[in-house]
Amino acid sequence: EVQLVESGGGLVQPGGSLRLSCATSGFTFRNYEMNWVRQAPGKGLEWVSYITSDGYAKYYADSVKGRFTISRDNAKNSLYLQMNSLRAEDTAVYYCARDDIQLWLTFDYWGQGTLVTVSS
Amino acid sequence: QSVLTQPPSVSAAPGQTVTISCSGSRSNIGNNYVSWYQQLPGTAPKLLIYDNDKRPSGIPDRFSGSKSGTSATLGITGLQTGDEADYYCGTWDSSLSGGGVFGGGTKLTVL
């Protein structure tokens, strides 16, 4: 069974940093591209970032470019999101989502999400 | 403001059929495949339709998808109370900024 479990969310002050993790199991992690998708309270989904299976190519939404960094450790079956210079508008539930192996940016499995709150 | 446009809400009675539209442009829906996601209250999104009209295993054939030009449509027949959820369309945008894009979501109410 495919499982994605996010952790690392919490309350952080504006300008602060946070690192999210996504532990995976039930599939061969190193073969799949991965994403982070977020959802602000009461709002819709927003794609945040993507990383290739080997970790060499990374893409970001304009709203987080230069502040967030996606990475992965294929030996640990884990995905990460380093978030710096956090703003109030970054407050959201952050989901780890697996990319379909054939269809780019089609999210076939999602984690349960971790809440990030940016507030003073 | 979402890149893809969906109606904020739709409603219908149990047993009825409903459609949800998703409108985009040539740089996203017009040139790329569309997926649909169902988000039940308090849960993570779940893939419902991929590659415009295909259903993952376990998704009943009451759910269908189609695409024409720069628009896509999700159809649900034989509505059940358990179908009450938010539905999102998604694709990717091949413009300069690129990346994944979603619709703003449609709240389905089964009366």
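Residues numbered from 1 in each chain as written. Chains lettered and ligands numbered in written order. Predicted model: local features only at pLDDT ≥ 70, side-chain atom pairs only at ≥ 80, totals over all residues. Heavy atoms only, no water.

Concerning the overall build of chain A
Part 1 of the reasoning: If you tally the helices and strands in chain A, you get zero helices and eleven strands.
Part 2 of the reasoning: Listed by position from the N terminus, the elements making up chain A come as β-β-β-β-β-β-β-β-β-β-β.
Part 3 of the reasoning: If one aligns the C-alpha atoms of chain A with their principal axes, the spans along those axes are about 40 × 25 × 25 Å.
Part 4 of the reasoning: Taking all 120 residues of chain A together, the buried fraction comes to 51%.
Part 5 of the reasoning: Of the contacts made within chain A by residues no fewer than 6 positions apart, 54% connect residues no fewer than 24 positions apart.
Part 6 of the reasoning: With the model as given, the accessible surface of chain A reaches about 5500 Å², and the carbon-plus-sulfur share is 45%.
Part 7 of the reasoning: The average position of the 11 basic charges and that of the 12 acidic charges among the side chains of chain A differ by 6 Å. (Helix = DSSP H or I, 4+ residues; strand = E, 2+ residues; numbered from the N terminus. Buried < 20%, exposed > 50% of the residue type's maximum accessible area, 1.4 Å probe, protein only. Contact = heavy atoms within 4.5 Å. Areas by Shrake-Rupley, 256 points an atom, 1.4 Å probe, with all protein chains shown as cover. Lys, Arg positive; Asp, Glu negative; His and termini not counted. Charge placed at Lys NZ, Arg CZ, Asp CG, Glu CD.)

Comments concerning the sheet that holds strand 8 (residues 78-83) of chain A
Residues and elements named next belong to chain A.
Part 1 of the reasoning: Reading across the sheet, the four strands line up as 1-3-8-7 and stay open at both edges, with antiparallel pairing between neighbours. On the outer flanks of this sheet lie strand 1 (3-7) and strand 7 (68-73), each paired with one strand and no other. Sheet twist, expressed as the mean angle between neighbouring strand axes with direction ignored, is 15°.
Part 2 of the reasoning: As defined by bridge partners, strand 3 (residues 18-25) adjoins strand 8 across six bridges and the pair is classed as antiparallel. Looking across to strand 8, one finds that Arg19 is bridged to Gln82. (Pairing = 2+ DSSP bridges. Axes fitted to C-alpha atoms, helices over the stretch in contact; angles between N-to-C directions.)

Considering the pairing of strand 11 (residues 114-118) of chain A
The side chains of a regular strand alternate, residue by residue, between the two faces of the sheet.
Residue and element names in this part refer to chain A.
Part 1 of the reasoning: Of the two faces of strand 11, the one holding Thr114, Val116 and Val118 is buried and the one holding Leu115 and Thr117 is not buried anywhere.
Part 2 of the reasoning: With three bridges connecting them, strand 2 (residues 10-12) and strand 11 associate as parallel partners. Bridging from a neighbouring strand, Gly10 pairs with Val116 of strand 11.

A word on the pairing of strand 7 (residues 85-92) of chain B
All names here are of chain B.
Part 1 of the reasoning: Of all eight residues that make up strand 7, seven are buried, and the element is covered over most of its length.
Part 2 of the reasoning: Taken together, the five bridges between strand 3 (residues 35-39) and strand 7 define a ladder with antiparallel strand orientation. Of the residues in strand 7, the one forming a bridge with Trp36 is Cys89.
Part 3 of the reasoning: Here three bridges tie strand 7 to strand 9 (residues 106-110), and the two strands are oriented antiparallel to one another. Bridge pairing links Tyr87 to Thr106 in strand 9.
Part 4 of the reasoning: Bridging between strand 7 and strand 8 (residues 100-102) involves three bridges; their strand directions are antiparallel. By the bridge assignment, Trp92 is partnered in strand 8 with Gly100.

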